[in-house]
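This is what each chain is made of:
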Number of protein chains: 2
Amino acid sequence: MADSELPTRPKTEATNEAAPAEGGDSKNASKNALKKAAKEKAKAEKAAARAAQEKAQAAAAEANDTAKGLYGQRPDSEEIVSTTRFSELSEESYEKEVTVVARVDNARVQSAKLAFLMLRQQGQKIQAVIAAAEPISRQMIKYTGGLNVNSIVQVTGIVKKPEIPISSATISHLELHIRKVYMISEAAQMLPMQVKDAERPPPTEAEEGQVDAEGTPLVTLKTRLDNRVLDLQTETSQAITWISSGVAQLFSEYMIKSGSRWIFTPKLVGAATEGGSNVFEVKYFKRNAYLAQSPQLYKQMCIAGDMESVFEIAPVFRAEESNTHRHLTEFAGLDFEKTFQNHYHEVLDFAEDLLVFILTQLKERYAPQIAIIQKSYPKAGDFKLPKDGKALRLNYMDGVALLKEAGVDMSEQERFENDFSTAMEKQLGQIIREKYDTDFYVLDKFPMAVRPFYTKADPTDSRFSNSYDFFMRGEEIMSGAQRINDIKELEASMRAKGLDPTQEGFEDYLNAFRQGCPPHAGGGLGMNRIVMFFLGLPNVRLASLFPRDPQRLRP
Amino acid sequence: MADSELPTRPKTEATNEAAPAEGGDSKNASKNALKKAAKEKAKAEKAAARAAQEKAQAAAAEANDTAKGLYGQRPDSEEIVSTTRFSELSEESYEKEVTVVARVDNARVQSAKLAFLMLRQQGQKIQAVIAAAEPISRQMIKYTGGLNVNSIVQVTGIVKKPEIPISSATISHLELHIRKVYMISEAAQMLPMQVKDAERPPPTEAEEGQVDAEGTPLVTLKTRLDNRVLDLQTETSQAITWISSGVAQLFSEYMIKSGSRWIFTPKLVGAATEGGSNVFEVKYFKRNAYLAQSPQLYKQMCIAGDMESVFEIAPVFRAEESNTHRHLTEFAGLDFEKTFQNHYHEVLDFAEDLLVFILTQLKERYAPQIAIIQKSYPKAGDFKLPKDGKALRLNYMDGVALLKEAGVDMSEQERFENDFSTAMEKQLGQIIREKYDTDFYVLDKFPMAVRPFYTKADPTDSRFSNSYDFFMRGEEIMSGAQRINDIKELEASMRAKGLDPTQEGFEDYLNAFRQGCPPHAGGGLGMNRIVMFFLGLPNVRLASLFPRDPQRLRP
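Model, not experiment: these values are computed from the prediction.

Caption draft 1: Representation of the side chain of Asp 458 of chain A. Mapped onto the elements, Asp 458 of chain A comes out in the loop between β14 (440-444) and β15 (467-472). Beyond its immediate stretch of four places on either side in the chain, Asp 458 of chain A contacts Lys 445, Phe 464, Ser 465 and Asn 466 of chain A.

Caption draft 2: Quick peek at the relation of the copies chain B and chain A. Least-squares fitting of chain B to chain A yields an RMSD of 0.1 Å, with the superposition described by an axial translation of 0.0 Å and a rotation of 180°. Classification of the inter-copy transformation places it as that of a two-fold axis. Of every C-alpha in chain B, the one belonging to Val 282 of chain B sits nearest the axis of rotation, 2.2 Å from it. Same-surface contact between copies: 100% of interface residues of chain B are shared with the interface of chain A.

Caption draft 3: Layout of helix α9 (residues 396-405) of chain B. All names here are of chain B. By the burial criterion, the buried members of α9 are Tyr 396, Gly 399, Val 400, Leu 402 and Leu 403. All buried residues of α9 project into a common sector of 165° when viewed along the axis, lining one side. Among the structural elements, β13 (392-395), α10 (412-417), α11 (422-436) and β14 (440-444) are those in contact with the buried residues of α9. Of the residues trailing α9, Gly 407 is marked for its positive phi of about 95°.

Caption draft 4: Broad picture of the interface of chain B and chain A. The interface is formed by 95 residues belonging to chain B together with 95 residues belonging to chain A. In this assembly, chain B packs against chain A so that about 8000 Å² is buried in total across both faces, 57% of it on carbon and sulfur atoms. There are eight salt bridges connecting chain B and chain A. Taking the shortest distance from any N to any O, the salt bridge between Asp 306 of chain A and Arg 103 of chain B comes out at 2.8 Å. There are 54 residue pairs in polar contact (both at pLDDT 80 or more) connecting chain B and chain A.

Caption draft 5: Representation of the sheet that holds strand β12 (residues 330-339) of chain A. Residues and elements named next belong to chain A. Spatially, eight strands are ordered β7-β11-β12-β17-β16-β15-β14-β13 in an open sheet, and the strand pairing comes out mixed. Looking along the sheet, the strands with just one partner apiece sit at the ends: β7 (261-262) and β13 (392-395). Across two bridges, β7 lies against strand β11 (residues 309-317) in parallel orientation. Paired with Arg 261 across the two strands is Val 310, which belongs to β11.

Caption draft 6: Highlighting the pattern of salt bridges. Evaluation of the coordinates by the stated rule reveals 74 salt bridges over all chains. Its salt-bridge partner being Asp 353 of chain A, residue Lys 390 of chain A comes within 3.0 Å of it at the nearest N-O pair. One end of the pair, Lys 390 of chain A, is in the loop between α8 (367-376) and β13; the other, Asp 353 of chain A, is in helix α7 (residues 345-365), and 37 residues separate them in sequence. Overall, Lys 390 of chain A belongs to the partly exposed group, its relative accessible area being 41%. Note on Asp 353 of chain A: relative accessible area 26%, which makes it partly exposed. Taken together, the salt bridges that share partners define one network made up of Arg 103, Asp 105, Arg 120, Lys 125 and Glu 199 of chain A together with Asp 306 of chain B.

Caption draft 7: Fine view of the sheet that holds strand β11 (residues 309-317) of chain B. All names here are of chain B. An order of β7-β11-β12-β17-β16-β15-β14-β13 is seen for the eight strands of this open sheet, with the pairing classed as mixed. If you trace the sheet from one side to the other, it starts and ends with β7 (261-262) and β13, each paired once. The strands touched by helix α6 (residues 296-304) within the sheet are β11, β12 (330-339), β16 (475-483) and β17 (520-526), with β12 carrying the most contacts at an inclination of about 25°. Sheet strands touched by α9: β13 and β14. Its angle to β13, the strand with the most contacts, is close to 85°.

Caption draft 8: How the structure looks around the packing of helix α5 (residues 235-257) of chain B against helix α8 (residues 367-376) of chain B. Residues and elements named next belong to chain B. The geometry of α5 relative to α8 is characterised by a closest axis approach of 9 Å and an angle of 130° between their N-to-C directions. With respect to their mutual orientation, α5 and α8 come out oblique. α5 and α8 meet at a crossing whose hand is left-handed. For the pair α5 and α8, the contacting residues are Glu 235, Thr 236, Ala 239, Ile 240, Trp 242 and Ile 243 in the first and Gln 369, Ile 370, Ile 372, Ile 373, Lys 375 and Ser 376 in the second. In terms of residue class, the contact of α5 with α8 is made up of seven nonpolar, three polar and two charged.

Caption draft 9: The arrangement of the pairing of strand β4 (residues 124-131) of chain B in detail. All names here are of chain B. Across the eight residues that make up β4, a large majority, six, are buried. Where strand β3 (residues 114-121) lies against β4, eight bridges are found, and the strand directions are antiparallel. When the bridges of β4 are listed, Met 118 appears paired with Gln 127. A loop of two residues connects β3 with β4, the two strands running antiparallel in sequence, and Gln 122 in this loop sits at a positive phi of about 45°.

Criteria and thresholds
- Residues numbered from 1 in each chain as written.
- Chains lettered and ligands numbered in written order.
- Predicted model: local features only at pLDDT ≥ 70, side-chain atom pairs only at ≥ 80, totals over all residues.
- Heavy atoms only, no water.
- Helix = DSSP H or I, 4+ residues; strand = E, 2+ residues; numbered from the N terminus.
- Contact = heavy atoms within 4.5 Å.
- Least-squares fit on C-alpha atoms with pLDDT ≥ 70 in both.
- Buried < 20%, exposed > 50% of the residue type's maximum accessible area, 1.4 Å probe, protein only.
- Arc of directions from axis to C-beta.
- Buried area = accessible area lost by both parts, 1.4 Å probe.
- Salt bridge = Lys/Arg side-chain N within 4 Å of Asp/Glu carboxyl O.
- Polar contact = N/O pair within 3.5 Å; in protein donor to acceptor, adjacent residues only side chain to side chain.
- Pairing = 2+ DSSP bridges.
- Axes fitted to C-alpha atoms, helices over the stretch in contact; angles between N-to-C directions.
- Parallel < 35°, antiparallel > 145°, perpendicular 65-115°, else oblique.
- Left-handed = near helix turned anticlockwise from the far one by under 90°.
- Nonpolar A, V, L, I, M, F, W, Y, C, P; charged D, E, K, R; others polar.

None of this, on its own, says anything about what the molecule does.
Below, the structure written as structure tokens:
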């Protein structure tokens, strides 16, 4: 944009209000103030004269302008404009006139007779060109080439085959020869960040502050998230948000098809029953409330309420001071809970099939989006699913054994009291990928010591539990279990975990079991994590529209 | 249950731990303490003797019991039990053996040789009978007839045609002749409320404290909500929760089919931008956050982020001290936002079709549930939809005129500054039902004075706005509008409403418009209100799983 022919924006606001108001209360005005007023008056007169001159010039130019009415503000008319989407354009559109609404990704005046626009629609780009030839005037070319980047314009033009493919456009085999260009929504001249600078992955910590080959500073993830609306406009963000949408859609589709009921449980709860310190406190009229950390207790109460199979899609709140690449303080939870007849593996089978369905269908239905994301995040396309369509299920102790084979030994105490560390989980993910050729797998039978109080112990070995975690690329995306449905067992389990069943807040939950509750199991998925690990994104914030962490409450 | 043959539950816990521990630190024990210990020892010995006697009797009875193994705790076995659901039973099941899992709705011993169970599955009831005949023993009959109400049992029996239909059962044309009965989950002997007492509508305020024809006190809505898990077990609650599930499902179905993207916007926000006093404050680490009152600003930011059409299904929080039949402090919001090409009526048409789709499909897909609800709430089945499948759309001023015809006149000031009162809305609903034969309609062009700052004024008459409300039975279920997408217009509108655009919290929202934003419109639906008004329920709390209001934070 260092072009010397770059037009300046015409001044649209008159300056004739610059003269000070002459009020009746200026009796005590000093000599200085009078001088100042006189100066300002002179200045205002000069400005007015200049404005008048510019106006006259503009009028003269307009009088001569053969393209009058073909550009500028969109005319207010009753006429219905029919627009074409970029995705509808093809070689069959050659030589046809179309009207598109798109953002100005870039505008460039080549000469007084030629200008280029790069037009962008949900990240897709097409080049448009405007050349002087009746009725297109120099004024119209100047206007077009001088459009503020990111403005939304309505462009009418003829689709042409470019002599050579436009390599800087995503749709490179066609070009738009402009006939009309109207402003729909003008962007400010200065943007806090260029959308095109957000089109590559954010720099790693080591790369921060560096510049790229063209000398442009690398835009940090922080800057991108601070300006998330601009960041969402990139082709990659558009594709990622489609994948997020897809995960929610596929989850609900599968649950509904299975005969499950969609529930909405309260996020405002009266007591911090699920681990006190990680819960957000809310001022609720004259008392305190808390934000639910999960719908766990409520979905179980729905099961006790004879609903048999329920699911929920709702925000989950965690007041954890965790500043990592995979923790958020608010995320989208996909929860389900189901009764079973004979064995909790009925529910585990169901949940495995659910995940296989989601991941398989993501690959099938969102192949174009995955291909786009792959350009920035190469792992996006390589997520390995089990070949036979059935999830790989191992026991926790099988995982321990696989790690031992690889030289990572856990002590007896570690095995039963600690669970895997994040590093171990990742290593196990690698081992399983190599051995079983899958990035998705399930570990069953976790130690009882590492699971919450409502988890059912393994009846054959009480050191273990009827609980499972689901993993993608070696990172956990779901935790679930058979739940205790017997009141005495539940109260004993609470006491064993150091919880007091008579504590305020547990009453309603425990009553649900006193009144009879069928055997059931379930799980809770983190939507953002599924998106992150499926696509191999470096940070969960890229898989959240407006991420929340201990440091971030905006935008 | 005043039957004298009612068995008492066998004592399962031994009392041999009642004797005090004799520790080595009792040197200073007083005479009194010794006396007390001696007394307690004698008592314990007596109890132990009684327990031993009971045990002996039980063993003797068991030795004679021809039904041993056919009742009691479900045997732990590897055998897979295949169960039948009540809904699968029909006349074709006559004389076949089935196994069902159900709650004991009622248990009654008729004689030493005959007992009855009413079994309940998701509110549906079937009678089961047990009669003494090899191998069924008197002990088994006593056990069956003495089961605690609400316990979950597994019953195997032969399906028979009863001599006369069982009028107290919902499935009256078949009966189960019991062969086996096992306990799955035992309910306590005393329940805070009987499920059958929650099977009719809650009493009105005037009826509170009254008794029914049989002398049973009417269970208040408060008691029912306090014991919501039991209340959910009624046939009516089961049906209502299916309708709620259906509304969410149909909304998402329609939105997805239209090409809209499912979004998840933050509920934790940094500033109380949408009307300060009605917002819940949250302790967010070392600062304050607030709970979003709607996804309004965020869904607009998604539109500015080029997402074109978005929808969200998420909780909405309102810190309003409104204790009415239709206000909740937390409810399920169904939100959407869409760009349009030429006129906001493109979006309004879309939204009208959305509601017609939801309401029509509810009637089609949930006819059995509606029929059940109708037994308690007669209006449930009479919701009138427009005959031609197109929503009735009137202007606000048409509504004013209809009310005037009916004798309700609004002053000029009222018309432009007040909007309708709730009473006026209801009356207008009546008038429209009579005149247009529909319970669903739309009012367009509300006065600008009664709409929020982001609402677009009507370009032809600035007293009005491009905004609309949707009504069901004369009560509002949706509010929506074209939104201002020009930054200058937006800032001016904020100032006109007494808001300061430079206030903290607005920055990110306003920047979205500074960077260019396409014209768009949208709306927000209250899921619980749709359910309430569609079914003609007297209180929105009946259309919420675990309702929240200023007084209620539990269960």
